Amino acid sequence: MVSGLQFDDKKDIARLSVLYYATDQRRFIRNFNKVQYQPGTHFAYKSVSTQILGLCLEVATGKKMKDYLHEKIWEPLGMEYDALYTKDSKKASNNRFFGGIAMRSRDMLRLGKLLLNKGKWEGVQILPKSYVENLMNREMKEDTYWAYSNYFWRDGYIQNSFLEDTDFFAAGYRGQYIYVNPKQNVIIVRQGKKEAFRWPLIFGRLAATLSGEQTDLSDPCKNYDVQFEGVYESPNGEKYELLYKGRNPNTHLKEWIIR
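Residues numbered from 1 in each chain as written. Predicted model: local features only at pLDDT ≥ 70, side-chain atom pairs only at ≥ 80, totals over all residues. Heavy atoms only, no water.

(A) Broad picture of the overall build of the protein. Scanning the protein from terminus to terminus reveals seven helices and 10 strands. Here the C-alpha coordinates of the protein stretch approximately 70 × 45 × 45 Å along the principal axes. Excluding contacts between residues fewer than 6 apart, the proportion of contacts in the protein whose partners are at least 24 apart in sequence is 48%. Within the structure as shown, the protein displays about 15,900 Å² of accessible surface, and the carbon and sulfur contribution to it stands at 54%. Within the protein, one finds 39 positive and 31 negative side-chain charges whose respective centroids are separated by 5 Å. (Helix = DSSP H or I, 4+ residues; strand = E, 2+ residues; numbered from the N terminus. Contact = heavy atoms within 4.5 Å. Areas by Shrake-Rupley, 256 points an atom, 1.4 Å probe, with all protein chains shown as cover. Lys, Arg positive; Asp, Glu negative; His and termini not counted. Charge placed at Lys NZ, Arg CZ, Asp CG, Glu CD.)

What follows is the structure, given as structure tokens:
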């Protein structure tokens, strides 16, 4: 995401839509040559970079991405189910490398376990150990982004000092997540139809709480309970308002009002 190409998903949704609905991804890439920054100097989430990288990988391996993924990941990990993926069109038949793969939760968990074990699966090194170790590190560089590394996000709940936390997560469309916390030995998979709030903030708290550490969920000195206040809607349309009342002076337990 520091390729320097003049593309930014969040700032130009129309352009992202053109990329997504292009009926020939290779032709779109060949006609895209706009550079805005020196590569490696500015972070901007840009799907076009991932598409270019995927096409380069197919050329380098001489294989379609689905076949390469099956050979290197699906088969060695013993995935239980086939994955679904999207293509730009039946005629061009190019994979959308920047999104569009659908996996079962069990297989997402396997992928998380592979990353938790630093690329090793049943004694075999499937991914380079250095790749996983690098994505666990936060780097502070001018004009780049500390919360993204090797296609994984690092901007979840920060429990320790800024550079000590090693958790990371893959984030998909509408709240699909594979969260990995090496320090707490925790993997969390989330599938969903929408994302109403930032799940990684919850995952980090949950992982720390499960390991017995104090978090703002259990330590009164780190109390951020008001962030959970608000109006929630159930699948059948019923709405509830959640208000934080504070701690009971007798039991010292947190109390909430639901109305």
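(B) How the structure looks around the pairing of strand β7 (residues 186–190). The side-chain alternation of β7 yields one buried face, formed by V186, I188 and R190, and one unburied face, formed by I187 and V189. In this antiparallel pair of consecutive strands, strand β6 (residues 177–181) and β7, the connection spans four residues, and N185 shows a positive phi of 60°. (Buried < 20%, exposed > 50% of the residue type's maximum accessible area, 1.4 Å probe, protein only. Pairing = 2+ DSSP bridges.)

(C) Seen up close, helix α4 (residues 65–77). With 13 residues, α4 should cover 18 Å at 1.5 Å per step; its first-to-last C-alpha distance of 17 Å lies within 8% of that length. Of all bends in α4, the biggest is about 40°, found at E71. Among all positions in α4, only M65, I73, W74 and L77 are buried. Looking at the buried positions of α4, the neighbouring elements they touch are α3 (47–61), α5 (105–116) and β1 (120–121). Immediately downstream of α4, the backbone of G78 shows phi near 65°, a positive value. (Expected span 1.5 Å × (residues − 1). Bend = angle between axes of the 7 residues up to and from the residue.)

(D) Inspection of the nonpolar core at higher detail. Ranked by size, the top nonpolar core spans 17 residues in total, and within it I73, L77, M79, L115, F168 and V180 carry the most contacts. Elements supplying a minimum of two residues to this core: α4, α5, α6 (129–135) and β6. Broken down by element, this core gets its largest block of residues, four residues, from α5. Aside from chain neighbours lying at most four places away, what touches F168 is L115, V132, L135, M136, F152, W153, R154, I178, Y179, V180 and P182. Formed by 13 residues, the second largest nonpolar core is a distinct cluster that contains A22, I29, F97 and F98. (Core = buried A, V, L, I, M, F, W, Y, C linked by side-chain atoms within 4.5 Å.)

(E) Region of the structure containing the sheet that holds strand β10 (residues 254–258). Strands sit in the order β8-β9-β10 across an open sheet of three strands; the sheet is antiparallel. Edge strands, defined here as strands with exactly one partner in the open sheet, are β8 (230–233) and β10. Taking each pair of neighbouring strands and ignoring which way they run, the sheet shows an average axis angle of 35°. Sheet topology places β8 next to strand β9 (residues 239–247); four bridges connect them, and they run antiparallel. Paired with Y232 across the bridge in β9 is Y240. (Axes fitted to C-alpha atoms, helices over the stretch in contact; angles between N-to-C directions.)

(F) Representation of the pattern of salt bridges in the model. Scanning the entire structure with this criterion turns up 10 salt bridges. The salt bridge involving K66 is made with D67; its shortest N-O contact spans 3.1 Å. Given a relative accessible area of 38%, D67 falls into the partly exposed group. In this structure, the salt-bridge partner of K129 is E133, at a minimum N-O distance of 4.0 Å. Of the two residues, K129 and E133 are both situated in helix α6; the distance of four residues between them amounts to about one turn of the helix. Several salt bridges converge on common partners, so that one network encompasses E80, R106, D107 and R110. (Salt bridge = Lys/Arg side-chain N within 4 Å of Asp/Glu carboxyl O.)

(G) Seen up close, the packing of aromatic side chains. Counted under the stated rule, the structure contains 18 aromatic pairs. Ring centres 5.0 Å apart and planes at 80° place the aromatic pair Y20 and Y21 in the edge-to-face group. The partly exposed category is assigned to Y20, whose relative accessible area is 34%. A relative accessible area of 62% means that Y21 is categorised as exposed. Ring centres 5.6 Å apart and planes at 80° place the aromatic pair Y177 and F203 in the edge-to-face group. Of the two residues, Y177 is situated in strand β6 and F203 in helix α7 (residues 199–210); the sequence distance between them amounts to 26 residues. Judged by relative accessible area, F203 falls into the buried class, the value being 4%. (Phe/Tyr/Trp six-rings, centres within 6.5 Å; stacked < 30°, edge-to-face > 60°.)

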